[in-house]
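# What the coordinates show
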Amino acid sequence: MKLSELGKLHPREVRELIRKGEVDLPTSGMSEGYLQANLAILPKKYAYDFLLFAQRNPKPCPILEVLDEGSPLTKIMAEGADIRTDVPRYRIYKNGEFVEEVKDLKDVWQDDFVTFVIGCSFSFEKAMLEADVPVRHIEDEHNVPMYITNLATEPAGIFHGNTVVSMRPVPYKDIVRATTVTARFPATHGAPVHIGDPSVIGIKDVDKPDFGERSEIKEGEVPVFWACGVTPQAVAMASKPEIMITHAPGYMLILDKKDAYVSVF
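What this report covers is the structure whose coordinates are included nearby. (Residues numbered from 1 in each chain as written. Predicted model: local features only at pLDDT ≥ 70, side-chain atom pairs only at ≥ 80, totals over all residues. Heavy atoms only, no water.)

### Regarding the packing of aromatic side chains
The description of two aromatic rings rests on the distance between their centres and on the angle between their planes. For the coordinates displayed, the defined rule picks out nine aromatic pairs. Measuring from centroid to centroid gives 5.3 Å for W109 and F113, while their planes differ by 80 degrees, and the two rings are edge-to-face. The residues W109 and F113 share a single accessibility class, namely buried. Centre to centre, the rings of Y147 and F225 are 6.1 Å apart; their planes meet at 75 degrees, and the pair counts as edge-to-face. Of this pair, Y147 sits in strand β6 (residues 146-152) while F225 sits in strand β9 (residues 221-227), placing them 78 residues apart in sequence. (Phe/Tyr/Trp six-rings, centres within 6.5 Å; stacked < 30°, edge-to-face > 60°. Buried < 20%, exposed > 50% of the residue type's maximum accessible area, 1.4 Å probe, protein only. Helix = DSSP H or I, 4+ residues; strand = E, 2+ residues; numbered from the N terminus.)

Rendered as structure tokens:
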């Protein structure tokens, strides 16, 4: 099924296709107008530290929902979405090492897991498009580029590390509009954290992202960087919890709430 067709489907329909293994693509552009989410799944013994970490770092880790211990089902943001099956790809980190990417979590799920559902910048892209701000990775149908920066997060408990950002090339004339539009969505990372020279935030080569795929920056465009919910993955590598499970970068959980649900104006 083409991305243009997936964009018109309700989140429940897309999640069903993902659960059946019929969709295995980055989810940007799917179920247009609905929220998408990052995941961080940890044993309960780490849950308080991570909750505190997210509270201290709301820009990269805006929490939309926290599930009960052992429960794989969302209640608030999507009725009955199954964390174990409804994301196209997951990543498993053990003791700070990325060990495996899997299509579902049925064989690795633990009764002490606590799931954090974290806002995603894919959720404000429809608003950008409606404001005539181009979104290159949707135009070119590839994954958004993401980078580990030199921007330190605020530590909490065992958790520490640097912020990950996503990048979208924006025409110079549209930068103010892009900033204003995305600032309406603090629960999905809000306004950019950096505009312009990537080296200022520790990115050596903007054409070589740490996650996702390269986006072409055309003449007259400026790279614009937003805080990213892949930050917990960089934090897992730095902090080395026994186990952390996340979505694969760009492969999100699509929620039943519309983008406007978290818009502040």
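And the narrative resumes.
### Things to note about helix α7 (residues 231-239)
Summarising burial for α7: seven of the nine residues are buried, a large majority. By the burial criterion, the buried members of α7 are T231, P232, Q233, A234, V235, A236 and S239. Positive backbone phi, at 60 degrees, marks K240, one or two positions downstream of α7.

### Concerning the side chain of R91
Topologically, R91 is positioned in strand β3 (residues 90-94). Within the local environment of R91, its side chain forms a polar contact with the side chain of E101, the two groups lying 3.0 Å apart. Dropping the residues within four chain positions of it, R91 is found in contact with F98, E100, E101, F211, Q233, M244, I245, T246, H247, A248 and P249. (Polar contact = N/O pair within 3.5 Å; in protein donor to acceptor, adjacent residues only side chain to side chain. Contact = heavy atoms within 4.5 Å.)

### Regarding the nonpolar core
Counting 38 residues, the largest nonpolar core has L64, I245 and L255 as the members making the most contacts within it. Elements supplying a minimum of two residues to this core: β1 (34-43), β3, β5 (113-119), α4 (125-130), α6 (175-183), β9 and β11 (253-258). Per element, the largest residue contribution to this core is four residues, and it comes from β1. Other than its neighbours up to four places away in sequence, I245 contacts L39, A40, I41, Y90, R91, I92, L105, V108 and F113. Counting residues in each nonpolar core, the second largest holds 17 residues, with Y46, A54, V114 and F116 among its members. (Core = buried A, V, L, I, M, F, W, Y, C linked by side-chain atoms within 4.5 Å.)

### Section: the pattern of salt bridges
Pairing between side chains of opposite charge can happen when the charged atoms of each approach one another. Tallying each qualifying case throughout the model produces 21 salt bridges. A salt bridge links R177 to D174, with the shortest nitrogen-to-oxygen separation between them at 3.0 Å. According to the relative accessible area criterion, R177 is partly exposed, its value standing at 36%. Relative accessible area serves as the criterion here: at 2%, D174 is assigned to the buried category. Residues joined by salt bridges that share partners form a network here, namely R12, R15, E16, R19, K20, D86 and D256. (Salt bridge = Lys/Arg side-chain N within 4 Å of Asp/Glu carboxyl O.)

All we've got here are geometric facts, nothing functional implied.
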